[in-house]
Amino acid sequence: MCEDIFKDIEKIYSPTEQEVLKRAFYFAKEAHEGQKRASGEDYFTHPVAVAKILVDLGMDYSAVAAAFLHDVIEDTPVSEADIQKEFGEEILILVQGVTKLDKIEFKSQEEEQAENFKKIFVSMAKDIRVIIIKLADRLHNMRSLNFLSHERQLKMAHETLDIYAPLAGRLGISQIKCELEDLCLKYIDPEAYEYLSVNIDSKITERREFVASVVDEIKEILAESNIKGEVFGRPKHFYSIYKKMKKQGKTLDQIYDLTAVRAIVDTVDECYELLGKIHKKWKPIPGRIKDYIAMPKENMYQSLHTTVVTSFGKIFEIQIRTREMNRTAEYGIAAHWKYKENKENADNFDKRLSWIREVMEWQGGFSNSTEFIESLKGDVYNSEVLVFTPKGEVISLVKDATPIDFAYRIHTEVGNKCVGAKVNGKIVPLTTTLNVGDVVEIITSKLSKGPSWDWLRIAKSSGAKAKIKAFYKKSMQEENEKLGKSMLDAEAKNRGYNFGELLNPISFERVGQRFSFSTAEEMYAAVGCGAVGVNQVLMKLIDFYRKEVPAPEKVGALTKKTAENSVGSVRIKGMSGLLVRFAGCCNPVPGDDIVGYVSRGRGVTVHRRDCPNMKNEDKDRLLDADWTGSEGSYSVAVRVIGTEDAPVLVCVSNACTALGLAIISVNGRLDSKNRQSIVDFTIKLNKKEDLDLLFAKVRQNAGIIDLYRTVN
């Protein structure tokens, strides 16, 4: 019965917390009513199982409540507002963090997976409980994976082995990590799993007497030293043995440490005392002594490890740790959650999460979520190398890291100003591979102009690479924008066009879709740095211009005679018989100060005199122009910027209706970086004053940040 979980809840949580958990239980049970899992069980057994895992980890009641509710938004009619109303903001945020991005269309399944995981990772940086809930969710799904198709089994097992199991390890939750890895092996290499499950049991049975004798001898050492503690043998999990066999090319008979002997004592001093007495009794193997108490792992794992040889030649591993260290080793970050109110524990808690914040600092340097996730697989989950600063601080780096990785790990500016490095007191090349225990010192210079582009080939960590790219992106952005725009202007002139005429909101949208540009500035920068060829962009614009823009004679071919009676017509130095068109870049309207620009073979184009595209034009090709004829209807381009949730279209539409104006075209986009919505309108006005009235009406609406006539 699902209600059995209440027995555990009543042992751990306060009456008030129990009441919230029971409400969450029955709320989710009702929401999932009638839904079934692939196994045929009621779907609600899944969230209950996830909640049970979190209860066993000792997580707080909000996390357990979110576990009960974690699928209701995704799989039932329940809304986020319903969750907030019933359980409050904190529990809603946890549920949102775990909920998939199922409302967005993705180009591929891989992109969807990457974006989902990136969303979870971002949420995790804000609240670590999100990923602990997700790990519990994945663990229960892996436990019931046998009910899915073989294809889905393999997909989920590989995803779990690549991402979730290493992440559990990074958070120090070895209990979940080990079980996930063994379950993955069961589906990825079923023959190896079956072989290990049968043969390891027999091997352990054979060696049980030997392990028991080792345990007894260590207990004697404890008794002689008046140290209180526990000693026991613990079989290693299948996947760790499988990896060792693969990596070292050994058979199971050649793996001697199938069981590790663990000693649990009360104090750190007792850990070291016991280690010394064990080494006095048995010979340690050189290079196999690891002190993770003095130098904790990045996930704050602490223990003493030593591998010794008995007097009759058998090898075995011993782990020595305190009770607190053992709890941390088993439950990782979850073991510290309810203790973080204490200042010392809070500091340790923050230290354990510092790597997450660092990852979120450099993730913005990647162009998409897939690249971000691939970097996590190769970086955050990589083997770590522990090195020292000159002051003795331990720094954890990825395998094969170089001084460049070390410099950027210390601080971004240290990396950007790096000009050399010392390892163990000697100057070394920046390409040097760092080893465990190296003392690294970075030489910096205020005169440094920044990192070399070649460093991208030398650096091993994704964090360093992202920071190098970010430096170039920031320092060269403005320069590349100017250069790219200048190149497009020049090439357009060479082909007999005015670039300002070619580029408008609609033509840019076509080009942007082709090259994935979100703004014109991005397009200019891409052309300026050579990422996209100038002719690639220009020919797309010209092609669109030829297809979409009406022939000259239809756009206002004026003679001296027709100019007298035209609505919103112009006079070019009193001349007649000229082909005249109005520029799409600045949309001049009657009353604007205007100028004529002579286009090769295309007559005269009328621009506003303050149009940016006219600033650098050949003065000999500019002609004085003024308005003639009576006023009438004409079009004007307007850009409206609002908050991301502002009803911009409704605001403008209502204002136009009130003034009797017509909207000809609309083109909008969301600027997620600045949390703004940007909408470009083309509006037909009856008289110039309508524009001022329109602006005044639209500005009265809440959520409107700015609006103005567009120039390009």
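Structure: above.
Residues numbered from 1 in each chain as written. Predicted model: local features only at pLDDT ≥ 70, side-chain atom pairs only at ≥ 80, totals over all residues. Heavy atoms only, no water.

**Examining the sheet that holds strand β21 (residues 704-709)**
The sheet built from four strands is open, its strands ordered β19-β20-β18-β21 with antiparallel pairing. Edge positions in the sheet fall to β19 (662-671) and β21, since each has one partner strand and no second. Averaged over all adjacent pairs, the angle separating strand axes in this sheet is 20°, with direction ignored. Sheet analysis places strand β18 (residues 634-643) next to strand β20 (residues 676-685), joined by 10 bridges and oriented antiparallel. Bridge pairing in β20 links V636 to I683. Of the strands in this sheet, β18, β20 and β21 touch helix α29 (residues 689-699), which is tilted by about 170° from β21. (Pairing = 2+ DSSP bridges. Helix = DSSP H or I, 4+ residues; strand = E, 2+ residues; numbered from the N terminus. Axes fitted to C-alpha atoms, helices over the stretch in contact; angles between N-to-C directions. Contact = heavy atoms within 4.5 Å.)

**Observations concerning the pairing of strand β9 (residues 418-423)**
As paired strands, β9 and strand β11 (residues 440-444) are joined by five bridges and run antiparallel to one another. Counterpart to G420 in the pairing with β11 is I443. With three bridges joining them, β9 and strand β10 (residues 426-428) adopt antiparallel strand pairing. Each residue of the ladder has a partner; that of K422, found in β10, is I427.

**Comments concerning the packing of helix α2 (residues 15-31) against helix α6 (residues 80-87)**
Closest axis-to-axis distance for the α2/α6 pair is 11 Å, and the angle between their directions is 150°. Considered as vectors, α2 and α6 are oriented roughly antiparallel to each other. Here the hand of the crossing between α2 and α6 comes out right-handed. Touching V20, R23, A24 and F27 of α2 are I83, E86 and F87, all from α6. For the contact of α2 with α6, the residue count by class is five nonpolar, no polar and two charged. (Parallel < 35°, antiparallel > 145°, perpendicular 65-115°, else oblique. Left-handed = near helix turned anticlockwise from the far one by under 90°. Nonpolar A, V, L, I, M, F, W, Y, C, P; charged D, E, K, R; others polar.)

**Side note on the pattern of salt bridges**
Taken as a whole, this structure holds 24 salt bridges when the rule is applied. In this structure, K22 and E10 form a salt bridge, with 3.6 Å as the shortest nitrogen-oxygen distance. Separated by 12 residues along the polypeptide, K22 in helix α2 and E10 in helix α1 (residues 5-12) bring together distant segments of the chain. Through salt bridges with shared partners, one network takes in D8, K52 and D56. (Salt bridge = Lys/Arg side-chain N within 4 Å of Asp/Glu carboxyl O.)

**Some remarks on helix α24 (residues 505-515)**
All buried positions along α24 are accounted for by S507, F508, V511, G512 and F515. Along α24, the residues classed as buried sweep out an arc of 135° about the axis, all on the same side. For α24, the N-terminal capping position is held by N504, with its side-chain oxygen 2.8 Å away from the main-chain nitrogen of S507. (Buried < 20%, exposed > 50% of the residue type's maximum accessible area, 1.4 Å probe, protein only. Arc of directions from axis to C-beta. Polar contact = N/O pair within 3.5 Å; in protein donor to acceptor, adjacent residues only side chain to side chain.)

**Let's talk about unusual backbone geometry**
Even without being a glycine, N226 presents a positive backbone phi close to 55°. Considering the arrangement of structural elements, one finds N226 in the loop between α12 (190-224) and β1 (229-235). We classify N226 as exposed; its relative accessible area is 69%. One non-glycine residue with positive phi stands out, namely D400, at about 65°. Looking at the element boundaries, D400 is found in the loop between β8 (394-398) and α19 (403-410).

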